[in-house]
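# Coordinates in review
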Amino acid sequence: MSDRLSVFKTYKLYVGGKFPRSESGRVYEVTDAKGKWLANAPQSSRKDARDAVVAARKAFGAWSGATAYNRGQILYRIAEMLEGRREQYVREVAEAEGLSKSKAAAQVDAAIDRWVWYAGWTDKIAQVVGGGNPVAGPYFNLSSPEPTGVVVVLAPQESSFLGLVSVLAPVIATGNTAIVIASEKSPLPALSLGEVLATSDLPGGVVNILSGRTAEIAAPLASHQDVNAIDLAGADEALAKELEIAAADNLKRVLRPQPVDDADWWAAPGTDRMTAFLETKTVWHPTGSLGASGSSY
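Reference entry: report on the structure contained in this document. Only a predicted model underlies this, so the values are computations on that prediction, with no experimental measurement involved.

Conventions we followed
- Residues numbered from 1 in each chain as written.
- Predicted model: local features only at pLDDT ≥ 70, side-chain atom pairs only at ≥ 80, totals over all residues.
- Heavy atoms only, no water.
- Helix = DSSP H or I, 4+ residues; strand = E, 2+ residues; numbered from the N terminus.
- Rg over C-alpha atoms; globule rule 2.2 N^0.38 Å.
- Contact = heavy atoms within 4.5 Å.
- Areas by Shrake-Rupley, 256 points an atom, 1.4 Å probe, with all protein chains shown as cover.
- Pairing = 2+ DSSP bridges.
- Buried < 20%, exposed > 50% of the residue type's maximum accessible area, 1.4 Å probe, protein only.
- Right-handed = clockwise from strand over helix to strand, strands pointing away.
- Axes fitted to C-alpha atoms, helices over the stretch in contact; angles between N-to-C directions.
- Parallel < 35°, antiparallel > 145°, perpendicular 65-115°, else oblique.

### Some points on the overall build of the chain
- Counting its secondary structure elements, the chain contains ten helices and twelve strands.
- By the compact-globule yardstick of 19 Å for 297 residues, the chain fits well, its C-alpha radius of gyration being 21 Å.
- Overall, the C-alpha framework of the chain stretches about 90 × 40 × 35 Å when taken along its three principal axes.
- In the chain, 76% of the contacts between residues at least 6 apart in sequence involve partners at least 24 apart.
- When the accessible surface of the chain is summed, it comes to about 14,200 Å², and 53% of that surface belongs to carbon and sulfur atoms.

Structural data, given as structure tokens:
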């Protein structure tokens, strides 16, 4: 028999590139599908939520100003890091969702592939949703997408990893910064993701991860004046309605929860979640007088 003591993993929040404990000092028990204790997760407070907004806003300028190619490189690096810790995520997903090891492995592989998929879109989405517009006059008329800003993401409650990646990756791929509220029941894969983000090339503050009671954390974020948008994927009908009302105060963009089940997270994602948090800037520029032969240029 081994005479070593068990070394239990301490899960922490991920805010501003650092790993603080909850400001309140509170934790709550996380159990597996059979009720067995897995870990104590931090129970975030309103102060933690406000700190996450400050960190996300501070990081927004540099992240949105980075080249799309550079963002793609960083997202691909995250996928590399996830691949290196694949076995850890397989175990955490299996425990969190009561899956067999093979089914959990399939979900983790799909999540890593999805990171790669979004990494490839960073420098292509502008060509799909932007471009030159034909106008009746001597002007160039160009439309280009720009990130909305600070986005709060309520991670899906049942899909602890594939669903999480499916809602987070498109937000940061398009230049937004994110505050993630992890699945209340199964937060451990999300909290472990913070460790991967910290050791990739992602600047601190671009993604901030909070765990705890979803309704308690989401309420102050939905009404926060420095939050620009909110994705309600992890909210039930009653909570979603409450948060929509709070978000209306400063005209936040709101992506309403869709009636999906776990199987839908396996579907090809498309571009909808990227375009949900993009604004379109249109610029008019005079070309000079147009004669019979065309533009003076």
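### Considering the sheet that holds strand E3 (residues 131-132)
- An order of E3-E4-E10 is seen for the three strands of this open sheet, with the pairing classed as antiparallel. Looking at strand neighbours, the two that pair on one side only are E3 and strand E10 (278-286), the edges of this open sheet.
- As paired elements, E3 and strand E4 (residues 139-147) share two bridges and run antiparallel to each other. Paired with Gly132 across the two strands is Leu142, which belongs to E4.

### Thoughts on helix H7 (residues 188-198)
- Where burial is concerned, most of H7 is hidden: ten out of the eleven residues are buried.
- For H7, every residue scored as buried is listed here: Leu188, Pro189, Ala190, Leu191, Ser192, Leu193, Gly194, Glu195, Val196 and Leu197.
- The inward-facing, buried residues of H7 abut strand E1 (27-31), strand E2 (37-42), helix H2 (68-84), helix H3 (86-97), helix H6 (162-173) and strand E7 (207-210).

### With respect to the pairing of strand E5 (residues 150-154)
- Most of E5 is tucked away, with five of its five residues classed as buried.
- The two faces of E5 match: Val150, Val152 and Leu154 on one face and Val151 and Val153 on the other face are all buried.
- For the handedness criterion, the β-α-β arrangement of E5, H6 and strand E6 (residues 177-181) is classed as right-handed.
- Here E5 pairs with strand E8 (residues 229-231) via three bridges, running parallel. Within E8, the position partnered with Val151 by the bridge is Ala229.

### Digging into the side chain of Glu195
- Secondary-structure assignment places Glu195 in helix H7.
- Glu195 gets classed as buried once you look at its relative accessible area, which sits at 18%.
- Look past the residues within four positions of Glu195 in its chain and what remains in contact with it is Lys9, Phe19, Arg85 and Gln88.

### Examining the packing of H2 against helix H4 (residues 101-121)
- Packing of H2 against H4 brings their axes to within 8 Å, and their N-to-C directions diverge by 170°. Comparing the axis directions of H2 and H4 gives the class roughly antiparallel. Contact with H2, carried on its side by Gly72, Leu75, Tyr76, Ile78, Ala79, Leu82 and Glu83, involves Ile112, Trp115, Val116, Tyr118 and Ala119 of H4 and no other residues of that element.

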